Number of protein chains: 2
Amino acid sequence: MLDVAEAAFVERGYAAVTTKEIAAAAEVPIGTLYQFFPDKGAILQALAERYTDLLDQQLQHFATEAMLSLPLKSYVEQFIESIDRFFQDTPGYQAVFAEITTVMPETDEAGDQQLIQTFTRILPKLNDHLSAEDCEAISFVMVKAIGNLVWRASGQEPKFRQRLVKETQQLAFNYLSPYLLAAAG
Amino acid sequence: MLDVAEAAFVERGYAAVTTKEIAAAAEVPIGTLYQFFPDKGAILQALAERYTDLLDQQLQHFATEAMLSLPLKSYVEQFIESIDRFFQDTPGYQAVFAEITTVMPETDEAGDQQLIQTFTRILPKLNDHLSAEDCEAISFVMVKAIGNLVWRASGQEPKFRQRLVKETQQLAFNYLSPYLLAAAG
DNA sequence: TCAAAACATGAGCCTGGCTCACATTGTAGC
DNA sequence: GCTACAATGTGAGCCAGGCTCATGTTTTGA
């Protein structure tokens, strides 16, 4: 049912898809659809949560020993590549989150907050001198800046997209270096 | 008329405001409203263009001799402070652009593109060794990353917001340094 | 076997964007 | 001043889409 809605949203956009269509495509009467979801927005929200959990899971991978022991440069590069790949492989994510921001800003915020928290928990493992405040601010910047950049990049021509991903890696590395490199105070 | 719509959108959000209400508040019949704007989205678009021009004008200020001769650090700091101030002083911008992204993505894209172009024209004045490609990629990153960061920061608690603005300045400076500092190749 | 509870259904309500037939005002030729 | 015609203003109502709820239909349990 969610999958049917997802496919429709991806293809034609949230606003253009009617609840009647979703119900018809899922081969259930509208009444039944409204027993599972209190309103149209809830369908979007359910999808959003599914996606955020998926992306969050990917981030978790960067909390593993193997990853944490990499040089910062490689770590950041792989991190961003992984996000880029997620966006490429999950076209629904974009379709859903483009809408979520306006239709349900709280849900969008909650999703970002989940990612920020995950990242805030990773940071001390890279440098245990960082204060909690630092970690929160850095995570915020990373999630909001990189999330938006990679998202916007994914809509560009492949060649330019490649370049933008590289720039994003540069941006992230240059930003994090002073906080995370051994030389930092 | 635009001002009436703006006030309503800021207060209650685009979706919650009906065209009938706008017409009533502006003391014109709906028919008349629809002579000025082909549809509800056009009102939003008109507001968006007004805002983008306003912000673009602020960016132009950073193409002046006086500004260009500043050290990169101060230049970047003032640049971002200026954007932050714009967001603070122009609550309508946020209300409008939160919607624009989904309701009229082309318009949103066009707005960003206008800012990117302006910035692409400034960059060679800071370092004339940069290729056109470099300039475009850097501008893209700056507009999308900083725009989003400052926007999201503006919804946070004042103290945290301050911190985020500082981090954004750091982010921008660290990113631009290799491209723009004399030492750079 | 039969109440009564639980669930499924889709006709239709309601709201909000937008239209268009009609009213009003403005213009020009006599 | 009067009439014909154009330009403009107006708001009742059309239509689509989100959502409800009265009415079946099935399940449960005594």
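The paragraphs below set out a description of the structure included in this document.

The rules behind these values
Residues numbered from 1 in each chain as written. Chains lettered and ligands numbered in written order. Predicted model: local features only at pLDDT ≥ 70, side-chain atom pairs only at ≥ 80, totals over all residues. Heavy atoms only, no water. Near = heavy atom within 4 Å. Polar contact = N/O pair within 3.5 Å; in protein donor to acceptor, adjacent residues only side chain to side chain. Helix = DSSP H or I, 4+ residues; strand = E, 2+ residues; numbered from the N terminus. Nonpolar A, V, L, I, M, F, W, Y, C, P; charged D, E, K, R; others polar. Contact = heavy atoms within 4.5 Å. Buried area = accessible area lost by both parts, 1.4 Å probe. Salt bridge = Lys/Arg side-chain N within 4 Å of Asp/Glu carboxyl O. Buried < 20%, exposed > 50% of the residue type's maximum accessible area, 1.4 Å probe, protein only. Phe/Tyr/Trp six-rings, centres within 6.5 Å; stacked < 30°, edge-to-face > 60°.

1. Overview of the protein's contact with DNA strand D
DNA strand D sits among 14 residues. The nearest are A:Thr19, A:Tyr34, A:Lys40, B:Pro29 and B:Gln35. Of what DNA strand D places within 4 Å of the protein, 63% of the atoms are sugar or phosphate. Between DNA strand D and A:Tyr34 there is a distance of 2.9 Å, counted from a phosphate oxygen to a side-chain nitrogen or oxygen. Every element with two or more residues in the surface near DNA strand D is listed here: helix H2 (19-25) and helix H3 (30-36) of chain A together with helix H3 (30-36) of chain B. The greatest single-element share of the surface near DNA strand D, amounting to 4 residues, is contributed by H3(B).

2. Regarding the protein's contact with DNA strand C
In the neighbourhood of DNA strand C, 14 residues make up the surrounding shell, with A:Pro29, A:Gln35, B:Thr19, B:Tyr34 and B:Lys40 lying closest. For DNA strand C, the fraction of protein-proximal atoms (within 4 Å) that sit in sugar or phosphate groups is 65%. A distance of 3.3 Å separates a phosphate oxygen of DNA strand C from a polar backbone atom of B:Val17. At a separation of 2.9 Å, a phosphate oxygen of DNA strand C approaches a polar side-chain atom of B:Tyr34. Secondary structure elements with two or more residues in the surface near DNA strand C: H3 of chain A together with helix H2 (19-25) and H3 of chain B. The greatest single-element share of the surface near DNA strand C, amounting to 4 residues, is contributed by H3(A). Split by residue class, the surface near DNA strand C holds 5 nonpolar, 5 polar and 4 charged.

3. Focus on the interface of chain A and chain B
Every contact between the two is made by 31 residues of chain A and, on the other side, 31 residues of chain B. The contact between chain A and chain B buries some 2800 Å² in all, and 61% of this surface belongs to carbon and sulfur atoms. Together, A:Phe140, A:Arg152 and A:Leu171 form the three largest contributors to the area buried by chain A at its contact with chain B, with a combined 20%. At the junction of chain A with chain B, the criterion picks out 6 salt bridges. Put simply, chain A and chain B have 9 residue pairs in polar contact (both at pLDDT 80 or more) between them. Those elements that place two or more of their residues in the side of chain A that touches chain B are helix H7 (91-103), helix H8 (105-126), helix H9 (132-153) and helix H10 (158-180) of chain A.

4. Focus on the pattern of salt bridges
Counted by the stated rule, this structure contains 20 salt bridges over all chains. For A:Asp84, the salt bridge goes to A:Arg161, with nearest N and O atoms at 2.9 Å. Taken together, the positions of A:Asp84 in helix H6 (residues 72-89) and A:Arg161 in helix H10 put the pair 77 residues apart, joining distant regions of the chain. For A:Arg161, a relative accessible area of 12% puts it in the buried group. Between A:Asp112 and A:Lys144 there is a salt bridge, and its shortest N-O distance comes to 2.9 Å. One end of the pair, A:Asp112, is in helix H8; the other, A:Lys144, is in helix H9, and 32 residues separate them in sequence. Relative accessible area serves as the criterion here: at 12%, A:Asp112 is assigned to the buried category. The buried category is assigned to A:Lys144, whose relative accessible area is 2%. Taken together, the salt bridges that share partners define one network made up of A:Asp108, A:Glu109, A:Asp112, A:Lys144 and B:Arg152.

5. Observations regarding the packing of aromatic side chains
The relation between two aromatic rings is expressed through the spacing of the ring centres and the mutual angle of the planes. Enumeration according to the criterion identifies 22 aromatic pairs over all chains in this entry. Here the aromatic rings of A:Tyr93 and A:Phe97 are separated by 4.5 Å at their centres, their planes lie at 25°, and the arrangement is stacked. Linking A:Tyr93 with A:Phe97, this pair stays in helix H7, spanning 4 residues, or about one helical turn. Judged by relative accessible area, which is 7%, A:Tyr93 ranks as buried. Here the aromatic rings of B:Tyr175 and B:Tyr179 are separated by 5.8 Å at their centres, their planes lie at 75°, and the arrangement is edge-to-face.

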